[in-house]
Amino acid sequence: MGVSDNSTGLILAVLSSGFIGTSFILKKKGLKRAAAATGFSAGHGGYTYLQEPLWWAGMITMIVGEAANFVAYAYAPAVLVTPLGALSIIVSAVLAHFLLKERLKQMGVLGCVSCIVGSVVVVIHAPAESTPTSVEEIWNLAIEPAFLIYVAATLSLVAALVMHFEPRYGQSNILVYLGICSLMGSLTVVSIKAIGIAIKLTLEGISQIAYPQTWVFVTVAVLCVITQLNYLNKALDTFNTAIVSPIYYVMFTSLTIIASVIMFKDWKGQSVSDIASEICGFITVLSGTIVLHSTREQEPSPAPGNVTWYDQDPTKAVEEDEHLITVHNSDYFD
C-alpha cells in the first residue's frame, strides 16, 4: 500500500519546518561567531559572516527546508501545509534555549504545546488532496468567478494600501506593510502550488511546460514574491521584530488558507464538524504562536544602533536594536 499524497505532503511540511527552524539557529550562531572574530556585526554594515561556514550551513539548510515546503504544496492542501509552518518556530525556540541560551519561559512552553496540539487537530481533520490532471484544470479553477472576485479584491486592497495608506500611515501603522505582504503572499502560495503540481505532473511523464498557463503562474509567483519580500523588509526595518513576527504569521496564514479554500475548494465534501475542527485547530496554532513570540527573550546587543519606528504617534521615537533587526530579517527570508 503506497503512501497517500496527504501523508507525503505532511511529512514534507514537518521536515521543512525542522530544517527552517534549525537554519535560524545556525545562521544566528554564524553571525555571532563572525561578529566576535572581527568586531563588525551585520547590523552595522559588516559582511564578514559570508566567510563563516556556519552561516552558510544555515543558509543551505533553509534552502532545503523551503524546497521541501514547495514540494509539500504539490501533494497536500494549503489548509494542511500552511499551519504546520508554526512548527519551525517551536524548533527554533527550543534550539535557541539550549544552544543560544535564550531562555524559554513557562508561557513559551505553553505556546509550543498549543502549536503542537493545534497542528495535530488540523492534520487529523485535513481534507484529502485532489490533484488536478493538468495545468489547464488548475487554470480553470483560477478563472472561476469566486476566485476572480478574491483576486480583484486583493489587488484593489493592495493598490489602496500602496498608493493611499503607505505614504500617510506606513511608518505609524504596522498593518499597512504587513497587509500588503499577507495579501500578496496568499497569491504567492496558490501560484506556487500550481507550479508544484505542474512540475509533479511533468516528472510523471505528463509534460506541462508547453502550456502558457504554467508560465503565467510562474510570472505571478515571481512578481508576488518580490512585492511580498520588499514590504516585509520595510516592516522589519520600521517596527519591532517581536511585533512583526506574530502579526505577519496570523495574517499571512489566514489569507493563504482563504485563498486556497476558494480556488482549490479544499473544504468541498467535508462535513461541518471537520471544517469546524480545522478552524479550531488553526486558531489554537495561531494562539500558541502569539504566546510563544510574546514571551521570547530579546537578546541585548553590545553596540545598539539608532533605528526609529513609530507607534500611533509619529513624533514618538523608539530606540531599537539594529543588530537584532538584521538578524531576524535574514531569518525571515524564507
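## Considerations on the overall build of the protein chain
Next, step 1: Along the protein chain, the regular secondary structure elements total 12 helices and 2 strands.
Next, step 2: Its helices and strands taken in sequence order, the protein chain reads α-α-α-α-α-α-α-α-α-α-α-β-β-α from the N to the C terminus.
Next, step 3: When burial is assessed residue by residue, the protein chain has 49% of its 334 residues classed as buried.
Next, step 4: Within the protein chain, contacts between residues separated by at least 24 positions form 81% of all contacts whose residues are at least 6 apart in sequence.
Next, step 5: Counting only carbon and sulfur atoms, one obtains 69% of the accessible surface of the protein chain, whose full area is about 15600 Å².

## What to know about the packing of helix α1 (residues 5-38) against helix α4 (residues 86-99)
Next, step 1: Where α1 meets α4, the closest approach of the two axes is 7 Å, and the angle between their N-to-C directions is 40 degrees. Classified by chirality, the crossing of α4 by α1 is right-handed. Together, V14, S17, G18, I20, G21, T22, F24, I25 and K29 of α1 and L87, S88, V91, S92, L95, A96 and L99 of α4 make up the contact between the two elements.
Next, step 2: Here the contact of α1 with α4 is composed, by residue class, of 9 nonpolar, 6 polar and 1 charged.

## A few points about the side chain of E278
Next, step 1: Looking at the secondary structure, you find E278 in helix α11 (residues 272-295).
Next, step 2: In this structure E278 is buried but unpaired, with K193 as the nearest side chain of opposite charge at 13 Å.
Next, step 3: Polar side-chain contacts of E278 include one of 2.8 Å to the side chain of W267.
Next, step 4: Contact partners of E278, with chain neighbours within four places excluded, come to V79, V122, H125, A126, P127, W267 and Q270.

## Regarding a nonpolar patch on the surface
Next, step 1: A surface patch of nonpolar side chains, amounting to about 540 Å² of accessible area, comprises V3, I11, L15, F19, I60 and V64.
Next, step 2: For the nonpolar patch, the secondary structure elements donating two or more residues are α1 and α2 (53-75).
Next, step 3: In terms of residues, the nonpolar patch owes the most to one element, α1, which gives 3 residues.
Next, step 4: With respect to the secondary-structure elements, V64 resides in helix α2.

## Focus: the nonpolar core
Next, step 1: Ranked by size, the top nonpolar core spans 67 residues in total, and within it I138, F147, L178, F217, L232, V244 and M263 carry the most contacts.
Next, step 2: Ranked by residues supplied to this core, first place goes to helix α8 (residues 174-203) with 15 residues.

## Remarks on the pattern of salt bridges
Next, step 1: Counted according to the given criterion, the structure contains 5 salt bridges.
Next, step 2: Among the salt bridges present, the one from D5 reaches K200, with a minimum N-O distance of 3.2 Å. Note that D5 is positioned in helix α1 and K200 in helix α8, a separation of 195 residues in sequence.
Next, step 3: Judged by its relative accessible area of 9%, K200 is buried.

## So, unusual backbone geometry
Next, step 1: Look at K101: it is not a glycine, yet its phi comes out positive at around 60 degrees.
Next, step 2: Relative to the helices and strands, K101 is located in the loop between α4 and α5 (106-125).
Next, step 3: If you check the backbone angles, K265 has positive phi at about 55 degrees while not being a glycine.
Next, step 4: With respect to the element layout, K265 can be found in the loop between α10 (241-264) and α11.
Next, step 5: The class of K265 is partly exposed, set by a relative accessible area of 30%.

## Some remarks on the environment of A68
Next, step 1: Mapped onto the fold, A68 is located in helix α2.
Next, step 2: For the pair A68 and I20, spaced 48 residues apart in the sequence, the C-alpha separation amounts to 9.9 Å.
Next, step 3: When residues no more than four places from it in sequence are discounted, the contact partners of A68 are L12 and S16.

## A closer look at the confidence of the model for the protein chain
Next, step 1: Mean pLDDT over the protein chain: 84, with 85% of residues reaching 70 or higher.
Next, step 2: Ranking the elements of the protein chain by mean pLDDT puts strand β1 (residues 307-311) last, at 40, and helix α7 (residues 145-169) first, at 96.
Next, step 3: A low-confidence stretch, residues 301-334 (pLDDT under 50), is modelled with 75 contacts involving residues beyond four sequence positions or located in other chains.

Calculation criteria
- Residues numbered from 1 in each chain as written.
- Predicted model: local features only at pLDDT ≥ 70, side-chain atom pairs only at ≥ 80, totals over all residues.
- Heavy atoms only, no water.
- Helix = DSSP H or I, 4+ residues; strand = E, 2+ residues; numbered from the N terminus.
- Buried < 20%, exposed > 50% of the residue type's maximum accessible area, 1.4 Å probe, protein only.
- Contact = heavy atoms within 4.5 Å.
- Areas by Shrake-Rupley, 256 points an atom, 1.4 Å probe, with all protein chains shown as cover.
- Axes fitted to C-alpha atoms, helices over the stretch in contact; angles between N-to-C directions.
- Left-handed = near helix turned anticlockwise from the far one by under 90°.
- Nonpolar A, V, L, I, M, F, W, Y, C, P; charged D, E, K, R; others polar.
- Lys, Arg positive; Asp, Glu negative; His and termini not counted.
- Salt bridge = Lys/Arg side-chain N within 4 Å of Asp/Glu carboxyl O.
- Polar contact = N/O pair within 3.5 Å; in protein donor to acceptor, adjacent residues only side chain to side chain.
- Patch = residues over 30% accessible without salt bridge, like charges linked within 9 Å, V, L, I, M, F, W, Y side chains within 5 Å.
- Core = buried A, V, L, I, M, F, W, Y, C linked by side-chain atoms within 4.5 Å.
- pLDDT = per-residue confidence, 0-100.

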